[in-house]
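Summary of the model geometry
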Amino acid sequence: MQRTKKVSVFLIAGLLIVGAGSFANEIGLTLDAGWGKARIAILVLGLFVGLFPWIPWTRSREKTFQSDLFAFPALLLVIAVYLWFISVSRDSTSNYYALLAASFQQGELSLSLRPDPALLELANPYDPATRQGIKVPLDLSLYNDKFYLYWGPAPALLLTPVKMLFHGQVPDVYLLFAFVCGIFLSQFLLILHLWERFFPAIPRWMVLLSVFVAGFISPTVWLLNRPKIYEAAIAGGQFFFIAGLLAAYTALDRPTPSNWRLFLAGLFWSLAVGTRSVLVFPIAFMTLMVVTWFYRLYRQSWLKFITGLIPLGAPLLLGAVAFAWYNWARFGSVSETGFSYAMSGPYLQEHLNELFLPAYIFQNLYNYLFHPFIVERSFPFLYAVRGMFEEVLPWQGLPEIYSAQAITGILWAAPFTIFAVVPAARLLKQLFKKNKANPGEDSQTFSFHWITLSLTGSFLLSFGCLLIFFWAAMRYAEDFMPTLTLLSIIGFWHGHQILSQNSNKGKMYTILGLILAGLSILIGTFLALSVYSTNGLL
């Protein structure tokens, strides 16, 4: 566990240094436009810091070097691809988080942008029909003659001290890049931890394949080609959630729970809700999962049980209070994020009671699971097209507000995810056995069941929220794909471990996994590349 701690710290520090070198001009670190010696030195330093834990300075580190170093080039390659995608997308971004951070510096909660006086004179400024000819930023909320963000404030809050140190502009595209890298880094560390903990017999090439799947599966790279605040908020929420999951699991999966890791998990999860409020449901579930682990450890001592949960609960409670105050200070309600006053969309204020409805479930199931891409002769060959917004079930009417952007169902875009059925089926089998959960099961079995159930429950809750939402889009799939991908990797490895006893079945299973993983990587990349030429298809 000590090795995992060092690896994560050095990797995060290394990526931060590499990011600082890559975007030195934008954050005001250098005035040189090109790649001078100083900038290259920063990149080399970042790579060295990230690689540091794998360097065998002593004989005692030789085993770690031999077992883990093979995965580091895969990490660098994925980050390099991310950097290329984000570098060609810089001109189409927003800077709303930077604007909010600037407002925080001034002690304000509203943005410095001022509404057009003609807009404020309207009897109903939210009705698109009445504001024809008036320039309105559609991604903001209007309340009491001021513009607010309806996205969570956590990224802007973290950006505030950065803006105090560096005077350059930090658009949302750079936050998006940092968040996507953070998601992948957290998955990378979880993959290595799960491999060493439960599947040491899995060959290295299979681990590398899983790393690439996690890095390139749709819609990860798709987000980088559409670097608006929408994508930044979704990626930010997922980064904080997955990083919190990593911190919580590595805090618990040891002889004695780590208090500082539990505190970090609580902090990350607070930031996750403060970035994307819909994550409150999987985070509440994960909190219950942590409580379950502590109950198994300390059910004989309620004092240890309660005090052990304080490091996790304190930042969660403080985060909840802070977020409630933030909403109340702006809109006079602890639950109002500003979405009710949004200027975007098809006159949302007329449909506030139709934003979340069970009537959308079957329509969204089709769009998120089965809606296909189209194949063209021109590169990159695969193109996402607008989702189905006409009723999939002819006898079920949809509210008029329902809509769908370009989207490809995960069974087409990420066929590797079918392996998630393996651990899910084992969980169901465990739950419906006559002799249910055995409190005396060994720690390794309990730990495996815990992480599997955690990933499954988090995926289902996130996916379930999207199924009842009135708007379907490719970017929203990132709300559940990181957990589903990790669950699929566990399923792939577990199936391989079971079938390895049978040479023929084992080979067929492995070939199937290789094909589905390769397809998921290629399709995810091609769909992201197709963004450049799909304006007419969205």
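I will try to describe carefully the structure that is included in this document.

**Here we look at the overall build of the protein chain**
Per the secondary structure count, the protein chain includes 20 helices and eight strands. The buried share of the protein chain, reckoned over its 538 residues, is 54%. A separation threshold of at least 6 residues defines the contact pool for the protein chain, and within that pool the share at least 24 residues apart is 77%. By element, 66% of the accessible surface of the protein chain is carried by carbon and sulfur atoms, the whole surface being about 24,200 Å².

**A few points about unusual backbone geometry**
Across the junction of S218 and P219, the peptide omega takes the value 5 degrees, indicating a cis bond. Looking at the secondary structure, you find P219 in the loop between α9 (204–216) and α10 (220–224). Cis rather than trans, the peptide bond between F379 and P380 has omega equal to 10 degrees. Relative to the helices and strands, P380 resides in the loop between β3 (374–375) and β4 (382–383). With a phi close to 65 degrees, D145 is a non-glycine residue in the positive phi region. Residue position: D145 is located in the loop between β1 (141–143) and β2 (146–148). When its relative accessible area of 48% is taken as the criterion, D145 is described as partly exposed. Phi is positive for F381, close to 75 degrees, though the residue is something other than glycine. Residue placement: F381 occurs in the loop between β3 and β4. Among the residues examined, F381 registers a relative accessible area of 34% and is labelled partly exposed.

**Let's talk about empty space enclosed by the protein**
All chains considered together, the criterion is met by two cavities of 30 Å³ or more. Of the pockets and cavities examined, the largest cavity occupies roughly 60 Å³. Surrounding the largest cavity, P423, R426, L427, Q430, F448, H449, T452 and H494 form its lining. Breaking the lining of the largest cavity down by element, the ones donating at least two residues are α17 (421–431) and α18 (443–467).

Rules of the game
Residues numbered from 1 in each chain as written. Predicted model: local features only at pLDDT ≥ 70, side-chain atom pairs only at ≥ 80, totals over all residues. Heavy atoms only, no water. Helix = DSSP H or I, 4+ residues; strand = E, 2+ residues; numbered from the N terminus. Buried < 20%, exposed > 50% of the residue type's maximum accessible area, 1.4 Å probe, protein only. Contact = heavy atoms within 4.5 Å. Areas by Shrake-Rupley, 256 points an atom, 1.4 Å probe, with all protein chains shown as cover. 1 Å grid on protein atoms, 1.4 Å probe; cavity = no way out; pocket = protein on both sides within 12 Å on 5 of 7 lines; lining within 4 Å. Points joined across faces, edges and corners; volume = space filled by probe spheres on them.

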